[in-house]
Amino acid sequence: MKKHNFSAGPCILPKEVIIKASEAVMDFNGSGLSLIEISHRSKDFVAVMENARSLALELLDLKDKGYKALFLQGGASLEFLRVANNLMETKAGYLNTGTWSDKAIKEAKLYGEVVEVGSSKDENYKYIPKGYAVPKGLDYLHITSNNTIYGTQFKKFPVTDAPLVCDMSSDIFSRQLDFSKFDLIYAGAQKNMGPAGATLVVVKEEILGKVSRTIPSMLDYQVHISKDSMFNTPSVFAVYTSMLTLEWLKKLGGIAAIEEINEKKARLLYSEIDLNPVFKGYANTEDRSIMNATFNLTNESLKSTFESLLKEAGINGLNGHRSVGGYRASMYNALSLESVGVLVDVMSEMERKG
Ligand code: PMP
């Protein structure tokens, strides 16, 4: 039976990527050796790393604009502190739009003063703060473009004279933006790129090297840049699989093409949420994410009926995060419009039953 994977991450990847990645585990480039048993310094793997880094910049339209792409380890959670360690001299601004920003703030406080420029904590992060004033004199401003748990997403980005740092873990490569507005972007691979284990960091080189502290080598972006993202053994499987996904995206027509599909999926699901009295959306309408749609049943007694219908339809990974409850449909790049259609059919059936 076909499965429809709405998991929030790790999550669905393109079928052809999973096939090619598993072939490489058995026999990499016809070498008779597995991708995971060869040296990361071998010619073939160095080419993979270079290709992955180059494709990331190309898809974001950041080639030849002073940016470097790195594939690091430690997840987005390590970037919470690596960002602060590399960029914070005295004071940084943070927009608090959920658990992940909150965690980033906690780490940044180890290195200096954090100004919470805006927060939506008062309503359990169901909206994106607006109308805030960004103070002058910040070392950087940090935002989380898509809030995976609550299903909110920045549509407009703050204007600041400080470097803009963005955690794009759950919406990178999903929509067209002027990426050159950001000075540092980071994203765990395990949503729109590949398996867990690699983190993509895209950084404008000119913002680095400005803090007075000594940065430990593994935390230093400049060290990783100088070693072409091979300072230590990279997560070869995650980098290879990410490269395959980026190739898949390029072949499809890049971010412009996937954005069109992502918008169709989101429109289909949100219109069902809005028109069907059995369901109610969680996030404020204007801030809704096209990647993660959060919603609840209006009548909790329908829970077991809904969940058994989901199971019968092969729908997987729809449970909401424990801090929000209800349901969350994650519609990452590799999820088809057809899968969203299957979910919407189950939801309409609930209306007929309800
Ligand atoms: N930021 C965001 C927006 C996330 O969704 C997540 C994880 N889902 C993280 C950070 C943490 O990522 P990791 O588990 O790779 O540290």
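- Identification of the protein as Phosphoserine aminotransferase from Maribacter confluentis is taken from an unreviewed UniProt entry.
- Taken from UniProt, the Subunit (unreviewed entry) comment for the protein reads in full: "Homodimer."

## Section: the nonpolar core
A general feature of soluble globular proteins is that nonpolar side chains tend to end up buried together.
Then comes step 1: Grouped together as the largest cluster of nonpolar side chains are 101 residues, with contacts concentrated most on A108, L200, V202, V239 and Y240.
Then comes step 2: Sorting elements by how many residues they give to this core places helix α6 (residues 236-252) first, with 8 residues.
Then comes step 3: Split by domain, the residues of this core number at least three in each of domain 1 (15-252) and domain 2 (254-353).
Then comes step 4: Ignoring any residue separated from it by four or fewer positions in sequence, one finds V202 in contact with A56, L57, L60, L62, Y67, A69 and I185.

## Some thoughts on the UniProt feature "domain: Aminotransferase class V" (unreviewed entry) in the protein
Then comes step 1: UniProt records the feature "domain: Aminotransferase class V" (unreviewed entry) at residues 5-340, using the numbering of this structure.
Then comes step 2: In residues 5-340, helix accounts for 33% and strand for 17%; the two terminal C-alpha atoms are 10 Å from one another.

## Topic: unusual backbone geometry
Then comes step 1: Put simply, G9 and P10 share a cis peptide bond, and its omega is -5°.
Then comes step 2: Considering the arrangement of structural elements, one finds P10 in the loop between β1 (4-5) and α1 (15-26).
Then comes step 3: The phi angle at N29 is positive, at roughly 50°, despite the residue not being glycine.
Then comes step 4: Here N29 lies in the loop between α1 and α2 (43-59).
Then comes step 5: For N29, a count of 16 C-beta atoms within 10 Å translates into the label partly exposed.

## Observations concerning the UniProt feature "modified residue: N6-(pyridoxal phosphate)lysine" (unreviewed entry) in the protein
Then comes step 1: Taking the UniProt record as the reference, the feature "modified residue: N6-(pyridoxal phosphate)lysine" (unreviewed entry) is found at K191.
Then comes step 2: Here K191 is to be found in the loop between β9 (184-188) and β10 (199-204).
Then comes step 3: Since 31 C-beta atoms lie within 10 Å of it, K191 is described here as buried.
Then comes step 4: The contact partners of K191, leaving out residues within four places of it in the chain, are G9, C11, S169, S170 and Y332.

Rules used throughout
Residues numbered from 1 in each chain as written. Predicted model: local features only at pLDDT ≥ 70, side-chain atom pairs only at ≥ 80, totals over all residues. UniProt positions renumbered as here; feature names shortened; annotations may be inferred. Core = buried A, V, L, I, M, F, W, Y, C linked by C-beta atoms within 7 Å. Buried ≥ 20, exposed ≤ 12 C-beta atoms within 10 Å, placed from the backbone. Helix = DSSP H or I, 4+ residues; strand = E, 2+ residues; numbered from the N terminus. Domains from an automatic or database assignment. Contact = placed C-beta atoms within 7 Å.

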